[in-house]
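Each chain is listed here by its residues.
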Amino acid sequence: MKMKSAKINAFRTWGLLLTMLGMGLMIAGTAGIVFWGSAGKIAAAIGLVIGLISMMASLAIYFWAGMLSTSAVQLECPECHKLTKMLGKTDRCMFCHTLLTRDPAQATITAEQLESQQSSHP
Ligand SMILES: [Zn+2]
């Protein structure tokens, strides 16, 4: 898993991972009954409960990401010229993972340097 991704994409990745984990646990729990009979019922119950919790957690993360994306700022990425969303003052482009910032103090290069960078690779 890439750590250098946009925050919204990271939330989606975690949500997907938790959903898959939850579904996997529920399937494993059900399979436990098939393979181990009555002894597998306890394992199945634990698997179903943990699976359900992780599914609910993923739902909460999806909901949270949805709430966050409504407050995200939409802007055109200076590097790949696609419309991207950013959270907070610094975030990465969702497409090319370029670091973007709205804080002038955080920006390490000037607009002139950025322009010359862009003209060097059109
Ligand atoms: Zn970009």
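Up top is the structure these notes are about.
Reading guide: rules and limits
Residues numbered from 1 in each chain as written. Predicted model: local features only at pLDDT ≥ 70, side-chain atom pairs only at ≥ 80, totals over all residues. Heavy atoms only, no water. Helix = DSSP H or I, 4+ residues; strand = E, 2+ residues; numbered from the N terminus. Contact = heavy atoms within 4.5 Å. Areas by Shrake-Rupley, 256 points an atom, 1.4 Å probe, with all protein chains shown as cover. Phe/Tyr/Trp six-rings, centres within 6.5 Å; stacked < 30°, edge-to-face > 60°. Donors = N, O, S within 2.8 Å, 3.2 Å for Na, K, Ca; no water. Tetrahedral: all angles 85-135°; square planar, octahedral: opposite > 155°, others 65-115°. Buried < 20%, exposed > 50% of the residue type's maximum accessible area, 1.4 Å probe, protein only. Axes fitted to C-alpha atoms, helices over the stretch in contact; angles between N-to-C directions. Parallel < 35°, antiparallel > 145°, perpendicular 65-115°, else oblique. Left-handed = near helix turned anticlockwise from the far one by under 90°. Nonpolar A, V, L, I, M, F, W, Y, C, P; charged D, E, K, R; others polar. Polar contact = N/O pair within 3.5 Å; in protein donor to acceptor, adjacent residues only side chain to side chain.

1. Topic: the overall build of the protein chain
From N to C terminus, the protein chain includes three helices and four strands. Starting at the N terminus, the α and β elements of the protein chain follow one another as α-α-β-β-β-β-α. A separation threshold of at least 6 residues defines the contact pool for the protein chain, and within that pool the share at least 24 residues apart is 44%. Element-wise, carbon and sulfur atoms account for 69% of the exposed surface of the protein chain, whose accessible area totals about 8,500 Å².

2. Quick word on the packing of aromatic side chains
Per the stated rule, a full pass over the model turns up one aromatic pair. Ring centres of Phe11 and Trp64 lie 4.8 Å apart, and the angle between their planes is 65°; on these two criteria the pair is classed as edge-to-face. Taken as a pair, Phe11 in helix α1 (residues 7-36) and Trp64 in helix α2 (residues 40-71) lie far apart in primary sequence, 53 residues in all.

3. Considerations on the coordination of the zinc ion
In a perfect tetrahedron of four donors around a metal, the angles come out at 109.5 degrees. In a perfect octahedron of six, they are 90 or 180 degrees. The coordination sphere of the zinc ion, as far as protein atoms go, consists of Cys77 (SG), Cys80 (SG), Cys93 (SG) and Cys96 (SG), spread over 2.2 to 2.3 Å. Note that the zinc ion binds four donor atoms; their angles at the metal cover 107 to 114°, and the shape is tetrahedral. Donor residues binding the zinc ion come from one chain and are separated in sequence as C-x2-C-x12-C-x2-C. Taken together, the positions of Cys80 in the loop between β1 (73-76) and β2 (83-86) and Cys96 in the loop between β3 (90-92) and β4 (99-101) put the pair 16 residues apart, joining distant regions of the chain. On the accessibility criterion, Cys80 (25% relative accessible area) is partly exposed. Overall, the relative accessible area of 30% leaves Cys96 in the partly exposed class.

4. What to know about the packing of α1 against α2
Close contact between α1 and α2 brings their axes to 7 Å; oriented N to C, the two are set at 165°. Judged on the interaxial angle alone, α2 and α1 are roughly antiparallel. Note that α1 runs across α2; the crossing there is left-handed. Of the residues that constitute the contact of α1 with α2, the class distribution is 22 nonpolar, eleven polar and two charged.

5. What to know about the environment of Arg92
Considering the arrangement of structural elements, one finds Arg92 in strand β3. For the pair Arg92 and Cys77, spaced 15 residues apart in sequence, the C-alpha separation works out to 9.4 Å. Only 3.0 Å separates the side chain of Arg92 from the backbone oxygen of His97, close enough to count as a polar contact.

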